[in-house]
Amino acid sequence: MPDDLITVVEESEDVDSTIISRVRLEILWALSELGEDGATARQLKAGLNLGDGVLYANLKKLVEMGYLRSEKVTLEGKELELYAITPEGLLEWRRVRSWLCKLLGCEGDTCER
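- As named in an unreviewed UniProt entry, the chain is Transcriptional regulator, taken from Methanoculleus bourgensis.

1. As for the overall build of the chain
And then number 1: Of regular secondary structure, the chain possesses five helices and three strands.
And then number 2: Reading the helices (α) and strands (β) of the chain from amino to carboxyl end gives α-α-β-α-α-β-β-α.
And then number 3: Residues classed as buried in the chain amount to 35% of the 113 residues present.
And then number 4: Within the chain, residue pairs in contact and separated by at least 24 positions form 60% of the contacts whose partners lie at least 6 positions apart.

2. What about the packing of helix α2 (residues 22-34) against helix α4 (residues 52-64)?
And then number 1: Two elements in contact, α2 and α4, have axes whose closest approach is 10 Å; the angle formed by their N-to-C orientations is 70 degrees. When the interaxial angle is binned, α2 and α4 end up roughly perpendicular. Handedness of the α2/α4 crossing: right-handed. Here V23, R24, I27 and L28 of α2 come into contact with α4, specifically with V54, L55, N58, L59, K61 and L62.
And then number 2: In terms of residue class, the contact of α2 with α4 is made up of seven nonpolar, one polar and two charged.

3. Topic: the side chain of S32
And then number 1: Along the chain, S32 falls in helix α2.
And then number 2: Accessibility expressed as a relative area gives 17% for S32, which makes it buried.
And then number 3: At 3.3 Å, the side chain of S32 and the side chain of W93 are in polar contact.
And then number 4: Other than its neighbours up to four places away in sequence, S32 contacts I85, L90 and W93.

Conventions used here
- Residues numbered from 1 in each chain as written.
- Predicted model: local features only at pLDDT ≥ 70, side-chain atom pairs only at ≥ 80, totals over all residues.
- Heavy atoms only, no water.
- Helix = DSSP H or I, 4+ residues; strand = E, 2+ residues; numbered from the N terminus.
- Buried < 20%, exposed > 50% of the residue type's maximum accessible area, 1.4 Å probe, protein only.
- Contact = heavy atoms within 4.5 Å.
- Axes fitted to C-alpha atoms, helices over the stretch in contact; angles between N-to-C directions.
- Parallel < 35°, antiparallel > 145°, perpendicular 65-115°, else oblique.
- Left-handed = near helix turned anticlockwise from the far one by under 90°.
- Nonpolar A, V, L, I, M, F, W, Y, C, P; charged D, E, K, R; others polar.
- Polar contact = N/O pair within 3.5 Å; in protein donor to acceptor, adjacent residues only side chain to side chain.

What follows is the structure, given as structure tokens:
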């Protein structure tokens, strides 16, 4: 726990609270690691072990918020939706990750993700 909890709480105002959910944070984290290549919903579902309803509802919300972009691609003869993090999404992911690291006291080298 950080020494100056008041400062951390005050900094929370800079964070978009609508992305503070386990699923949304996992999606942003995964797509931030993949960069511009992104991933299909099928790949995200398998990699994050999420159900269809939860995954698609959160992907849709993140696209609406401008944190993800989606495009139709054809892969192995099937039309799929490909998702990638936007520059705004990457900025917000970094902001939230930094804030969470401060909150948990894992700043610096110990905060890998």
